[in-house]
Amino acid sequence: MVRKVHYFKKLPLLLKRLTAGCSLNLIKMEGVITTMGGQKRPAASIDPSPNKKTSFVGISPMRELTNVKTPVDRPFRVSVEGNIGAGKSTLIKYFQNMPGIETYLEPLEWWRNVDGHNLLDLMYSDVHEWLRVFQTYVQLTRLKIQTSKPSSSSTTVQMFERSIQNNRFCFLEQAYRSGYIHGADYSVIDQWYRWIRANEDIALDLIVYLRSSPETVYERVKARKRPEENSLSLEYLKELHDSHERWLMSDDERFNTIPVLVLDADKTLDEIIEQYKQNENKILGYEKRKRQKVEAEEKAKVKKSLFG
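Residues numbered from 1 in each chain as written. Predicted model: local features only at pLDDT ≥ 70, side-chain atom pairs only at ≥ 80, totals over all residues. Heavy atoms only, no water.

The name that an unreviewed UniProt entry assigns to the chain is Deoxynucleoside kinase domain-containing protein, with the source organism given as Diabrotica balteata.

Another aspect to go through is the overall build of the chain. A tally of regular secondary structure across the chain gives 12 helices and 9 strands. Scored against the burial criterion, the 308 residues of the chain give a buried share of 41%. Sequence-distant contacts in the chain: of pairs separated by 6 or more residues, those separated by 24 or more amount to 75%. Surface accessibility of the chain: about 17,500 Å² in total, with carbon and sulfur atoms responsible for 54%. (Helix = DSSP H or I, 4+ residues; strand = E, 2+ residues; numbered from the N terminus. Buried < 20%, exposed > 50% of the residue type's maximum accessible area, 1.4 Å probe, protein only. Contact = heavy atoms within 4.5 Å. Areas by Shrake-Rupley, 256 points an atom, 1.4 Å probe, with all protein chains shown as cover.)

So, on to the nonpolar core. Formed by 64 residues in total, the largest nonpolar core has its most connected members in L91, M159, V208 and L210. Those residues in contact with M159 that lie beyond four places of it in its chain are V78, V80, L91, I92, F95, E102, T103, Y104, I283 and L284. (Core = buried A, V, L, I, M, F, W, Y, C linked by side-chain atoms within 4.5 Å.)

Another aspect to go through is the environment of N118. Tracing the backbone shows N118 in the loop between α3 (108-112) and α4 (119-125). Each C-alpha atom, one on N118 and one on E228, is 9.7 Å from the other, the two residues being 110 residues apart in sequence. Once residues within four sequence positions are removed from consideration, N118 is found in contact with W111, R112 and E228. Of note is the side chain of N118, whose polar atom sits 3.2 Å from the backbone nitrogen of L120. Looking at N118, its side chain comes within polar contact range of the main-chain nitrogen of D121, at 2.9 Å. (Polar contact = N/O pair within 3.5 Å; in protein donor to acceptor, adjacent residues only side chain to side chain.)

Moving on, we get to the packing of helix α6 (residues 164-177) against helix α9 (residues 234-249). With their axes 9 Å apart at the nearest point, α6 and α9 run at an angle of 130° to one another. Relative to α9, the element α6 is oriented oblique. As α6 runs across α9, the sense of the crossing is right-handed. Residues Q165, N166, F169, C170, F171, Q174 and R177 of α6 form the contact with α9, whose participating residues are Y236, E239, L240, S243, H244, R246 and W247. (Axes fitted to C-alpha atoms, helices over the stretch in contact; angles between N-to-C directions. Parallel < 35°, antiparallel > 145°, perpendicular 65-115°, else oblique. Left-handed = near helix turned anticlockwise from the far one by under 90°.)

Quick look at the structure:
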(Lines give C-alpha, C1' and ligand atoms only; values in the text may rest on other atoms or scores of the structure.)
Protein backbone atom coordinates (compact mmCIF):
# COMPACT_ATOMS: atom_id res chain seq x y z
CA MET A 1 0.00 0.00 0.00
CA VAL A 2 1.33 3.42 -0.95
CA ARG A 3 1.28 5.87 1.93
CA LYS A 4 -0.05 9.29 1.02
CA VAL A 5 1.64 12.29 2.60
CA HIS A 6 -0.36 15.46 3.16
CA TYR A 7 2.40 17.94 2.35
CA PHE A 8 0.34 21.02 3.07
CA LYS A 9 -0.30 19.89 6.65
CA LYS A 10 3.36 18.90 7.06
CA LEU A 11 4.63 22.30 5.90
CA PRO A 12 4.38 24.14 9.28
CA LEU A 13 6.23 21.29 11.01
CA LEU A 14 8.98 21.33 8.39
CA LEU A 15 9.38 25.08 8.71
CA LYS A 16 9.53 24.78 12.48
CA ARG A 17 12.34 22.22 12.23
CA LEU A 18 14.24 24.27 9.70
CA THR A 19 14.07 27.42 11.81
CA ALA A 20 14.65 25.80 15.21
CA GLY A 21 17.09 27.83 17.24
CA CYS A 22 17.02 30.73 14.79
CA SER A 23 15.92 34.24 15.69
CA LEU A 24 13.75 35.38 12.80
CA ASN A 25 12.69 38.68 14.24
CA LEU A 26 15.49 40.59 15.89
CA ILE A 27 19.25 40.76 15.58
CA LYS A 28 21.04 42.40 18.51
CA MET A 29 24.04 44.54 17.62
CA GLU A 30 26.11 47.09 19.52
CA GLY A 31 23.69 49.57 21.04
CA VAL A 32 20.89 48.82 18.60
CA ILE A 33 18.37 46.16 17.70
CA THR A 34 17.87 45.50 14.00
CA THR A 35 14.83 43.76 12.54
CA MET A 36 15.10 41.34 9.64
CA GLY A 37 13.58 44.10 7.52
CA GLY A 38 16.64 46.25 8.17
CA GLN A 39 15.04 48.71 10.58
CA LYS A 40 17.08 49.76 13.60
CA ARG A 41 16.19 50.94 17.06
CA PRO A 42 18.32 51.76 20.10
CA ALA A 43 18.65 49.02 22.68
CA ALA A 44 17.18 49.96 26.04
CA SER A 45 19.52 51.59 28.49
CA ILE A 46 19.37 51.15 32.24
CA ASP A 47 19.02 54.90 32.63
CA PRO A 48 17.01 56.00 29.58
CA SER A 49 17.67 59.53 28.41
CA PRO A 50 14.63 61.76 27.86
CA ASN A 51 16.51 63.38 24.97
CA LYS A 52 16.96 60.17 22.99
CA LYS A 53 14.58 60.21 20.03
CA THR A 54 13.64 57.69 17.37
CA SER A 55 10.97 57.28 14.71
CA PHE A 56 11.38 53.50 14.69
CA VAL A 57 8.35 51.32 14.08
CA GLY A 58 9.01 48.26 16.21
CA ILE A 59 7.76 44.92 14.99
CA SER A 60 7.29 42.61 17.93
CA PRO A 61 8.25 38.93 17.65
CA MET A 62 4.83 37.74 18.80
CA ARG A 63 1.42 38.87 19.97
CA GLU A 64 0.12 38.62 23.47
CA LEU A 65 -0.65 34.97 24.15
CA THR A 66 -4.09 34.33 25.62
CA ASN A 67 -6.60 31.52 25.77
CA VAL A 68 -8.97 33.68 23.76
CA LYS A 69 -8.73 33.65 19.99
CA THR A 70 -8.88 37.19 18.67
CA PRO A 71 -11.70 37.46 16.11
CA VAL A 72 -10.29 38.07 12.66
CA ASP A 73 -13.19 40.33 11.76
CA ARG A 74 -12.87 42.75 14.68
CA PRO A 75 -11.64 46.33 14.13
CA PHE A 76 -7.95 47.21 14.18
CA ARG A 77 -7.11 48.22 17.75
CA VAL A 78 -4.58 50.95 18.45
CA SER A 79 -3.68 52.48 21.80
CA VAL A 80 -2.13 55.93 22.17
CA GLU A 81 0.40 55.96 25.00
CA GLY A 82 2.69 58.52 26.59
CA ASN A 83 3.39 60.58 29.68
CA ILE A 84 0.87 62.97 31.21
CA GLY A 85 0.74 65.97 28.90
CA ALA A 86 2.35 64.18 25.93
CA GLY A 87 -0.59 64.98 23.63
CA LYS A 88 -2.59 61.75 23.62
CA SER A 89 -6.02 63.38 23.52
CA THR A 90 -4.80 65.71 20.75
CA LEU A 91 -3.92 62.72 18.58
CA ILE A 92 -7.25 61.06 19.37
CA LYS A 93 -9.16 64.20 18.41
CA TYR A 94 -7.21 64.45 15.14
CA PHE A 95 -8.52 61.05 14.02
CA GLN A 96 -11.94 60.97 15.69
CA ASN A 97 -13.97 62.42 12.81
CA MET A 98 -12.51 60.18 10.13
CA PRO A 99 -14.91 57.56 8.71
CA GLY A 100 -14.75 54.08 10.21
CA ILE A 101 -12.86 55.19 13.34
CA GLU A 102 -14.19 55.03 16.89
CA THR A 103 -12.17 56.83 19.55
CA TYR A 104 -12.19 56.37 23.32
CA LEU A 105 -10.76 59.09 25.54
CA GLU A 106 -9.67 58.33 29.09
CA PRO A 107 -12.80 58.03 31.27
CA LEU A 108 -11.90 60.92 33.55
CA GLU A 109 -15.52 61.47 34.56
CA TRP A 110 -15.79 57.87 35.73
CA TRP A 111 -12.72 58.34 37.91
CA ARG A 112 -14.03 61.65 39.24
CA ASN A 113 -17.35 60.21 40.32
CA VAL A 114 -17.44 56.73 41.84
CA ASP A 115 -20.70 56.95 43.76
CA GLY A 116 -19.79 60.54 44.55
CA HIS A 117 -16.10 59.91 45.30
CA ASN A 118 -13.45 61.66 43.18
CA LEU A 119 -10.80 58.93 43.03
CA LEU A 120 -8.60 60.98 40.72
CA ASP A 121 -8.42 63.85 43.19
CA LEU A 122 -7.95 61.51 46.15
CA MET A 123 -5.10 59.72 44.40
CA TYR A 124 -3.22 62.91 43.53
CA SER A 125 -3.76 64.36 47.02
CA ASP A 126 -2.45 61.26 48.86
CA VAL A 127 -0.73 58.76 46.57
CA HIS A 128 0.28 56.31 49.29
CA GLU A 129 -3.25 56.06 50.65
CA TRP A 130 -5.29 55.94 47.46
CA LEU A 131 -3.15 54.67 44.58
CA ARG A 132 -3.95 50.98 45.09
CA VAL A 133 -7.70 51.68 45.02
CA PHE A 134 -7.32 53.96 42.02
CA GLN A 135 -5.25 51.42 40.05
CA THR A 136 -7.81 48.71 40.74
CA TYR A 137 -10.65 50.86 39.46
CA VAL A 138 -8.65 52.07 36.45
CA GLN A 139 -8.03 48.46 35.45
CA LEU A 140 -11.77 47.78 35.60
CA THR A 141 -12.70 50.84 33.54
CA ARG A 142 -10.04 50.13 30.92
CA LEU A 143 -11.31 46.56 30.64
CA LYS A 144 -14.83 47.84 30.00
CA ILE A 145 -13.62 50.21 27.31
CA GLN A 146 -11.13 47.90 25.61
CA THR A 147 -13.61 45.05 25.28
CA SER A 148 -16.50 47.25 24.18
CA LYS A 149 -18.19 46.38 20.91
CA PRO A 150 -17.97 48.95 18.10
CA SER A 151 -21.14 50.97 17.70
CA SER A 152 -21.27 50.35 13.96
CA SER A 153 -20.59 47.40 11.67
CA SER A 154 -18.63 49.80 9.45
CA THR A 155 -16.06 50.54 12.18
CA THR A 156 -12.59 49.49 11.04
CA VAL A 157 -10.47 51.08 13.80
CA GLN A 158 -10.88 51.37 17.58
CA MET A 159 -8.47 53.94 19.03
CA PHE A 160 -7.92 54.12 22.79
CA GLU A 161 -6.31 56.77 24.94
CA ARG A 162 -4.11 54.45 26.99
CA SER A 163 -4.82 50.76 27.57
CA ILE A 164 -5.20 48.10 30.21
CA GLN A 165 -1.66 47.00 29.27
CA ASN A 166 -0.49 50.49 30.21
CA ASN A 167 -2.12 50.20 33.60
CA ARG A 168 -0.40 46.88 34.28
CA PHE A 169 3.07 47.33 32.80
CA CYS A 170 3.60 51.06 33.28
CA PHE A 171 1.61 52.61 36.13
CA LEU A 172 1.44 49.53 38.36
CA GLU A 173 5.14 48.80 37.90
CA GLN A 174 6.01 52.40 38.71
CA ALA A 175 3.79 52.41 41.79
CA TYR A 176 5.43 49.26 43.13
CA ARG A 177 9.02 50.33 42.38
CA SER A 178 8.41 53.72 43.99
CA GLY A 179 6.95 52.19 47.13
CA TYR A 180 3.51 53.74 46.66
CA ILE A 181 1.76 50.37 47.01
CA HIS A 182 2.43 47.26 49.07
CA GLY A 183 3.62 44.05 47.45
CA ALA A 184 0.31 42.41 48.32
CA ASP A 185 -1.62 45.12 46.45
CA TYR A 186 0.69 44.68 43.47
CA SER A 187 0.11 40.91 43.45
CA VAL A 188 -3.68 41.20 43.66
CA ILE A 189 -3.88 43.65 40.74
CA ASP A 190 -1.42 41.52 38.77
CA GLN A 191 -3.48 38.37 39.38
CA TRP A 192 -6.58 40.18 38.17
CA TYR A 193 -4.72 41.22 35.02
CA ARG A 194 -3.52 37.67 34.39
CA TRP A 195 -7.08 36.36 34.63
CA ILE A 196 -8.35 39.09 32.29
CA ARG A 197 -5.60 38.40 29.78
CA ALA A 198 -6.38 34.68 29.79
CA ASN A 199 -10.15 35.03 29.50
CA GLU A 200 -10.91 38.25 27.61
CA ASP A 201 -9.85 39.62 24.24
CA ILE A 202 -7.75 42.64 25.24
CA ALA A 203 -5.30 42.30 22.36
CA LEU A 204 -3.94 45.43 20.69
CA ASP A 205 -2.62 45.60 17.12
CA LEU A 206 -0.47 48.71 17.58
CA ILE A 207 0.78 51.08 20.25
CA VAL A 208 1.53 54.68 19.29
CA TYR A 209 4.07 55.99 21.80
CA LEU A 210 4.18 59.78 22.05
CA ARG A 211 7.70 60.03 23.40
CA SER A 212 8.48 63.26 25.20
CA SER A 213 10.87 64.63 27.79
CA PRO A 214 9.58 65.05 31.36
CA GLU A 215 10.50 68.74 31.29
CA THR A 216 8.33 69.37 28.23
CA VAL A 217 5.23 67.67 29.60
CA TYR A 218 5.71 69.35 32.98
CA GLU A 219 5.38 72.76 31.32
CA ARG A 220 2.31 71.60 29.39
CA VAL A 221 0.65 70.24 32.53
CA LYS A 222 1.19 73.54 34.34
CA ALA A 223 -0.23 75.44 31.38
CA ARG A 224 -3.47 73.44 31.02
CA LYS A 225 -4.29 73.76 34.76
CA ARG A 226 -6.38 70.67 35.38
CA PRO A 227 -7.46 70.82 39.06
CA GLU A 228 -6.27 67.32 39.99
CA GLU A 229 -2.85 67.90 38.42
CA ASN A 230 -1.87 70.89 40.57
CA SER A 231 0.23 68.68 42.84
CA LEU A 232 2.08 66.86 40.04
CA SER A 233 5.84 67.19 40.39
CA LEU A 234 8.58 67.04 37.79
CA GLU A 235 10.07 64.11 39.71
CA TYR A 236 6.85 62.10 39.32
CA LEU A 237 6.78 62.81 35.58
CA LYS A 238 10.41 61.66 35.32
CA GLU A 239 9.49 58.39 37.04
CA LEU A 240 6.53 57.95 34.71
CA HIS A 241 8.74 58.65 31.69
CA ASP A 242 11.18 55.96 32.79
CA SER A 243 8.29 53.52 33.25
CA HIS A 244 7.13 54.12 29.68
CA GLU A 245 10.69 53.61 28.45
CA ARG A 246 11.02 50.29 30.25
CA TRP A 247 7.64 49.14 28.99
CA LEU A 248 7.85 50.20 25.35
CA MET A 249 11.53 50.65 24.49
CA SER A 250 13.28 47.72 26.16
CA ASP A 251 12.28 44.87 23.80
CA ASP A 252 11.59 42.82 26.93
CA GLU A 253 8.80 40.39 26.05
CA ARG A 254 7.82 40.13 29.71
CA PHE A 255 6.44 43.65 29.35
CA ASN A 256 5.39 44.10 25.75
CA THR A 257 4.90 42.02 22.60
CA ILE A 258 2.82 44.57 20.68
CA PRO A 259 4.23 46.57 17.72
CA VAL A 260 5.18 50.13 18.72
CA LEU A 261 5.22 53.28 16.60
CA VAL A 262 7.32 55.97 18.30
CA LEU A 263 6.60 59.64 17.56
CA ASP A 264 8.51 62.68 18.82
CA ALA A 265 6.04 64.50 21.09
CA ASP A 266 8.47 67.26 22.07
CA LYS A 267 7.85 69.04 18.78
CA THR A 268 5.42 71.88 18.15
CA LEU A 269 1.75 71.08 17.54
CA ASP A 270 2.08 71.65 13.78
CA GLU A 271 5.12 69.37 13.61
CA ILE A 272 3.36 66.68 15.63
CA ILE A 273 0.30 66.80 13.36
CA GLU A 274 2.61 66.41 10.38
CA GLN A 275 3.91 63.20 11.98
CA TYR A 276 0.31 62.00 12.27
CA LYS A 277 -0.22 62.61 8.56
CA GLN A 278 3.01 60.86 7.56
CA ASN A 279 2.17 57.78 9.66
CA GLU A 280 -1.58 57.68 9.10
CA ASN A 281 -1.53 54.36 7.22
CA LYS A 282 0.38 52.70 10.06
CA ILE A 283 -1.72 54.25 12.83
CA LEU A 284 -4.99 53.19 11.21
CA GLY A 285 -3.77 49.71 10.33
CA TYR A 286 -4.05 50.06 6.56
CA GLU A 287 -0.62 48.58 5.94
CA LYS A 288 -1.30 45.60 8.21
CA ARG A 289 -4.66 44.83 6.59
CA LYS A 290 -3.11 45.11 3.14
CA ARG A 291 -0.33 42.72 4.20
CA GLN A 292 -2.87 40.26 5.62
CA LYS A 293 -4.78 40.31 2.33
CA VAL A 294 -1.61 39.61 0.35
CA GLU A 295 -0.66 36.78 2.72
CA ALA A 296 -4.12 35.23 2.35
CA GLU A 297 -3.85 35.40 -1.44
CA GLU A 298 -0.39 33.81 -1.37
CA LYS A 299 -1.60 30.99 0.88
CA ALA A 300 -4.47 30.36 -1.53
CA LYS A 301 -2.01 30.13 -4.43
CA VAL A 302 0.18 27.64 -2.56
CA LYS A 303 -2.82 25.51 -1.65
CA LYS A 304 -4.03 25.54 -5.24
CA SER A 305 -0.60 24.55 -6.59
CA LEU A 306 -0.40 21.63 -4.15
CA PHE A 307 -3.90 20.26 -4.56
CA GLY A 308 -5.07 21.64 -7.88
